[in-house]
Amino acid sequence: MTTDKRLTEEDVVAELADGMTIGIGGWGSRRKPMSIVRAILRSGLQDLTIVSYGGPDIGMLCATRQARKIVYGFVSLDTIPLEPHFRAARQAGTVEAMELDEGMLQWGLRAAAMRVSFLPCRAGLGSAILEINPTMKTVTSPYGGEELVAMPALPLDVALLHANRADWRGNAQYLGADWYFDDVFAMAATRTFVSCERVVEPGALVEEGPPETVKVGRLWTDGVVEAPLGAHFTHCLPDYPRDEAVQREYAASASDPDAWAAFRARWVDVPEADYRRQAEAALT
């Protein structure tokens, strides 16, 4: 029996709950599921743990204080090296943090995907990672006695992703050069919701790219949201580039509460149809 998995952003948020651990795909300021993030920002959700190769997803959830803890390999806007709302939250001590090497974050997600409690790795040895994460342990390899970091699994309650295309059965297609680790986020999660630029009929994905571009299969997805410009102001190549002007406006909003309130009024607390009209105008 074929299931139509199409939802709205509000439907996705209705499936979330306070205290959840939410993984957000994409990378820095690249192909983030921003329409779903905005729906979370407009909701009353609180006490969230966010796992991400972070960008404005983490920054905005720090700005609204909906994120209680963040688990990250970095938090960057790419052309703006350090995400300013994240920096402000870290400096103010308003968010708990688990700071990891980029590879360790991936390894923790893979451990969760494999349903094991940890995976051994060399990353983190000889660095401050073990000092700032005192609960993290090392293990001795039974094959030669090498000491390795036991990277703990990072199981997710929910993964939120953005793809270029998806069919309504839940197969998600990535047409850019890099799908980052979206597939691993999906496998590490109990439930996965994917927004995309366009939902197509089953079988139509091969008209846009070869089967290898379908990186997240319907087995892993619980819902699909059609969200044109759903990654804006981050990029979603080849569909559209990062909107550097809006990103600069966002970064400047970390300067004081009034600036953030003005940015939020224009770019967050608006219906998605209005947002898309503004985004289209900003990109032209």
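Residues numbered from 1 in each chain as written. Predicted model: local features only at pLDDT ≥ 70, side-chain atom pairs only at ≥ 80, totals over all residues. Heavy atoms only, no water.

1. Digging into the side chain of Ser195
Selection criterion: Note on conventions: DSSP H or I runs of at least 4 residues are helices, E runs of at least 2 residues are strands, and numbering of each starts at the N terminus. Exposed residues in this analysis have more than 50% of their type's maximum accessible area, buried residues have under 20%, and partly exposed residues fall in between, with area computed by a 1.4 Å probe over protein chains only. As used in this structure description, the phrase polar contact means that two N or O atoms lie within 3.5 Å; if the pair is within protein, one of them must be able to donate a hydrogen and the other to accept it, and residues adjacent in sequence are counted only when both atoms belong to side chains. Note on contacts: a residue pair is in contact if any heavy atoms of the two residues lie within 4.5 Å.
Summarising the element assignment, Ser195 is placed in strand 11 (residues 189-200). On the accessibility criterion, Ser195 (0% relative accessible area) is buried. Reaching out from Ser195, the side chain makes a polar contact with the side chain of His162 at a distance of 2.7 Å. Setting aside residues no more than four positions away along its own chain, Ser195 makes contact with Pro33, Ser35, Ile36, Leu161, His162, Ala163, Val225 and Ala227.

2. A few points about the pattern of salt bridges
Quick reminder of the rule: We define a salt bridge as a contact between a side-chain nitrogen of Lys or Arg and a carboxyl oxygen of Asp or Glu at a distance within 4 Å.
Scanning all chains against the criterion turns up 21 salt bridges. For Arg42, the salt bridge is made with Glu10, and the minimal N-O distance between the two is 3.7 Å. With Arg42 in helix 2 (residues 34-42) and Glu10 in helix 1 (residues 9-14), this pair connects stretches of sequence that are 32 residues apart. Residue Arg42 is classed as partly exposed on the basis of its relative accessible area of 29%. Between Lys32 and Asp57 there is a salt bridge whose closest N-O contact spans 2.9 Å. Separated by 25 residues along the polypeptide, Lys32 in the loop between strand 2 (21-24) and helix 2 and Asp57 in helix 3 (residues 56-63) bring together distant segments of the chain. Taken as a pair, Lys32 and Asp57 share a single burial class, namely buried. A cluster of three or more residues bridged by salt bridges with shared partners is formed by Glu10, Arg38, Arg42 and Glu272.

3. Digging into the environment of Leu229
Examined against the element boundaries, Leu229 turns out to sit in the loop between strand 13 (223-226) and helix 8 (244-252). Sequence separation of Leu229 and Met34 is 195 residues, and the distance between their C-alpha atoms is 8.9 Å. Apart from the residues within four sequence positions on either side, Leu229 is in contact with Glu197, Tyr240, Arg276, Ala279, Glu280 and Leu283.

4. Points about the sheet that holds strand 7 (residues 137-140)
Heads up, the rule is: Between any two strands, pairing holds if DSSP finds at least two bridges. To get an axis, fit a line to the C-alpha atoms, keeping to the stretch in contact for a helix; angles then go from 0 to 180 degrees between the N-to-C directions.
Pairing within the open sheet is antiparallel, and its three strands lie in the order 6-8-7. Strand pairing shows two members of the sheet lacking a second neighbour, strand 6 (118-121) and strand 7, which therefore form its edges. On average, each strand axis in the sheet is tilted by 40° relative to the strand beside it, whichever way the strands run. As defined by bridge partners, strand 6 adjoins strand 8 (residues 147-152) across four bridges and the pair is classed as antiparallel.

5. Some points on the domain arrangement of the protein
Rules: By convention here, the domain bounds are inherited from an automatic or database domain assignment.
According to the domain assignment, the protein contains domain 1 (6-99 + 155-283) and domain 2 (118-152). For domain 1 versus domain 2, the distance between C-alpha centres works out to 31 Å.

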